[in-house]
Amino acid sequence: PGPQPASGSGSSAVAKLEGKWDGNRGETYEVAARDWSCLKVDASGSRKYHLSWNAQRSAIFWGERFCVYAADLTSAGPAKWYRAEDRAKANCAFTWRRPGPGGSGSSPSAPSMSRGAAPRSSVPSSATAPAARTRRPSG
């Protein structure tokens, strides 16, 4: 992974992202600020990703393809992720929302895309977001 600062703006940004989030397709994410990790859980199991800080962009990166900008983050959410090349933030790639009634999102079935973007997978490919794969035990 890239830089994972323990203090400063990167540390403040990941602290806002810390905790549980719901994705667009029933998956959940849990971010741990202490090690900049993100555990994704869906119907096929769980997978741990590592996030990193890009000081030039003031953004948290997931692999090399997706980022969330520090200026847009609040602890209550939502967290809007953009493709790395979309510096103008024209099309949100996917959105995380805090779970439960206290979350800042609309109903879980409501689309969370912006500006007419077509639905996209909410999971970066393993080729762009290196991670260790673990599976939940069955039964």
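1. Some thoughts on the overall build of the chain
A tally of helices and strands in the chain yields one helix and nine strands. When the elements of the chain are put in sequence order from the N terminus, they spell out α-β-β-β-β-β-β-β-β-β. Classification of the 139 residues of the chain by burial places 41% in the buried group. Pairs at least 24 residues apart make up 46% of the contacts formed inside the chain by residues separated by at least 6 positions. For the chain, the computed accessible surface area is about 7400 Å², with 52% contributed by carbon and sulfur atoms.

2. Things to note about the nonpolar core
Counting residues in each nonpolar core, the largest one holds 23 residues, and the members touching the most others are Leu17, Leu51, Ile60, Trp62, Trp81 and Trp96. Among the secondary structure elements, those contributing two or more residues to this core are α1 (9-17), β2 (28-32), β4 (45-54), β5 (59-62), β6 (66-69), β7 (79-83) and β8 (92-96).

3. Brief notes about the pattern of salt bridges
Between side chains of opposite charge, a pair can form when the charged atoms approach closely. Following the criterion strictly, the structure yields three salt bridges and no others. Between Lys89 and Asp72 there is a salt bridge, with the nearest N and O atoms lying 2.8 Å from each other. Taken as a pair, Lys89 in the loop between β7 and β8 and Asp72 in the loop between β6 and β7 lie far apart in primary sequence, 17 residues in all. Overall, the relative accessible area of 26% leaves Lys89 in the partly exposed class.

4. Comments concerning the pairing of strand β1 (residues 19-22)
Where β1 lies against β2, four bridges are found, and the strand directions are antiparallel. Bridge pairing in β2 places Trp21 opposite Tyr29. The turn linking β1 back onto β2 is made up of five residues, and Gly26 within it adopts a positive phi angle of 85°.

5. Considerations on unusual backbone geometry
At the junction of Gly77 and Pro78, the peptide bond is cis and its omega measures out at 0° in the coordinates. Mapped onto the elements of the fold, Pro78 is located in the loop between β6 and β7. One non-glycine residue, Trp36, lies in the positive phi region at around 55°. Residue position: Trp36 is located in the loop between β2 and β3 (37-42). When its relative accessible area of 2% is taken as the criterion, Trp36 is described as buried. We note that Ser58 has phi near 50°; this positive angle belongs to a residue other than glycine. With respect to the element layout, Ser58 can be found in the loop between β4 and β5.

6. Thoughts on the side chain of Ser52
Among the structural elements, Ser52 can be located in strand β4. Relative accessible area serves as the criterion here: at 11%, Ser52 is assigned to the buried category. Other than its neighbours up to four places away in sequence, Ser52 contacts Gly2, Pro3, Gln4, Trp36, Ala59, Ile60 and Phe61.

Criteria and thresholds
Residues numbered from 1 in each chain as written. Predicted model: local features only at pLDDT ≥ 70, side-chain atom pairs only at ≥ 80, totals over all residues. Heavy atoms only, no water. Helix = DSSP H or I, 4+ residues; strand = E, 2+ residues; numbered from the N terminus. Buried < 20%, exposed > 50% of the residue type's maximum accessible area, 1.4 Å probe, protein only. Contact = heavy atoms within 4.5 Å. Areas by Shrake-Rupley, 256 points an atom, 1.4 Å probe, with all protein chains shown as cover. Core = buried A, V, L, I, M, F, W, Y, C linked by side-chain atoms within 4.5 Å. Salt bridge = Lys/Arg side-chain N within 4 Å of Asp/Glu carboxyl O. Pairing = 2+ DSSP bridges.

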